[in-house]
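# Working through the structure, step by step
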Amino acid sequence: MRLLVGTATRFALLCSHPSQKSKCLIPVVYPHLRRMAHYLTEMRGRQNSPDYRVYFKTSNGKYISPFHDIPLHVADEQECGVPPKKLKTNEILFNMVVEVPRWTNAKMEVGTKEPLNPIKQDVKKGKLRYVANIFPHKGYIWNYGALPQVCVTGQVIQVKVLGILALIDEGETDWKVIAINIEDPDALSLNSIGDVRKVKPGFLEATVDWFKKYKVPDGKPENQFAFNGQFKDKDFAIEVIKSTHSYWKALVLKTKTNDVQIVCQNSSLCDSPYKCSDAEASAVVKAAAEYAEPLPVSPDVDKWHFLSK
């Protein structure tokens, strides 16, 4: 298991119906400011360029880190110091920050090496990264993102966990959590990984197939999985989340960190030596490139790849 940030606990989010896109996806073309429950996002730079960034604010305009300042558990959220209303459920609900909308290709992720950890497009060898379309899968086949305060992910939604898959990435375990938006029409009937098999036949198999092959068009071998590619249940997944959350706590509370690549600047963690003032957080955003219209995407992004079985 990867112990710190990056893709230690990534989410593949079930979204039952295309008509529900507005509830659980970031739009393909972002407005300059987008309001969500408790949060705003502010776009800087030009989408489809290396300088594009998505910064997060509270509803009262305070800049925050989506990695460090958004609570892991929905029950821990507060708005202006007021705890949320009690939810009519016994489920443990988590906040999820959606990095990548379903059916899109841009590999967006939280910038763990940057102040305030904005979402940005990944760059490799000087080029923006896009996942390939591997028939029959168009881009990402689910809403993809991560949990705050364990690892990270723009849109913040509330999810319940259903299970987990252990991908082996360059010799390390890269956990992929299966979850569902609590506002999804199928949320009441999906409470376990077994329910996913019954209600969404073929979904789990497609997920394994996607993760196995998505790097092949780049000339890399197929990915491998722990546990013979079998999904582990909800209880197992929650234990993994608890473990990664404990590593996050140790990271942000340290006076010094050996991992200089991870920026722990935050706006709300009173016991963290990395807590910054509102003015310092605002200065980070104002120093970023001004928002401008998106750049066009290369036609190569829409190319289809057909792989032999």
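In what follows, the accompanying structure is described. (Residues numbered from 1 in each chain as written. Predicted model: local features only at pLDDT ≥ 70, side-chain atom pairs only at ≥ 80, totals over all residues. Heavy atoms only, no water.)

## What about the pairing of strand β6 (residues 93-100)?
In terms of burial, β6 is largely enclosed, as 8 of its 8 residues are buried. Inspection of the sheet shows β6 paired to strand β13 (residues 155-169) by 6 bridges, in the antiparallel sense. The residue bridging Asn95 from the neighbouring strand is Gln158, located in β13. In terms of strand pairing, β6 meets strand β12 (residues 143-146) through 3 bridges, oriented antiparallel. Residue pairing in the sheet places Val98 in a bridge with Gly145 of β12. (Buried < 20%, exposed > 50% of the residue type's maximum accessible area, 1.4 Å probe, protein only. Helix = DSSP H or I, 4+ residues; strand = E, 2+ residues; numbered from the N terminus. Pairing = 2+ DSSP bridges.)

## Concerning the nonpolar core
Judged by nonpolar contacts, the single largest core of 42 residues is most densely connected at Phe56, Trp142, Trp210 and Phe211. In terms of residues, this core owes the most to one element, helix α3 (residues 203-213), which gives 5 residues. Residues Met96, Val159, Val177 and Ala237 belong to the second largest nonpolar core, which totals 17 residues. (Core = buried A, V, L, I, M, F, W, Y, C linked by side-chain atoms within 4.5 Å.)

## Some words on the pattern of salt bridges
Applying the stated criterion across every chain, the model contains 13 salt bridges. In this structure, Asp186 and Lys200 form a salt bridge, with 3.0 Å as the shortest nitrogen-oxygen distance. Here Asp186 is found in the loop between β14 (172-181) and α2 (193-199), whereas its partner Lys200 is found in the loop between α2 and α3, with 14 residues between them in sequence. Judged by its relative accessible area of 18%, Lys200 falls in the buried class. Among the charged side chains, a network of salt bridges with common partners joins Glu42, Arg44, Lys57 and Glu290. (Salt bridge = Lys/Arg side-chain N within 4 Å of Asp/Glu carboxyl O.)

## Quick word on the packing of aromatic side chains
Under the counting rule described, the total for this entry stands at 15 aromatic pairs. Taken together, a centroid distance of 6.4 Å and an interplanar angle of 50° make the contact between Tyr144 and Phe211 tilted. The residues Tyr144 and Phe211 share a single accessibility class, namely buried. Plain terms: the ring middles of Phe211 and Tyr214 are 6.2 Å apart, the flat faces sit at 85° to each other, and that makes the pair edge-to-face. Tyr214 gets classed as buried once you look at its relative accessible area, which sits at 13%. Taken together, the ring pairs in this structure connect Tyr140, Trp142, Tyr144, Trp210, Phe211 and Tyr214 into an aromatic cluster. The lysine or arginine in question, Lys232, covers the ring of Phe227, its NZ or CZ lying 4.7 Å from the ring centre. Lying across the ring of Phe236, Lys232 places its NZ or CZ 5.3 Å from the centre. (Phe/Tyr/Trp six-rings, centres within 6.5 Å; stacked < 30°, edge-to-face > 60°. Lys NZ or Arg CZ within 6 Å of the ring centre and 35° of its normal.)

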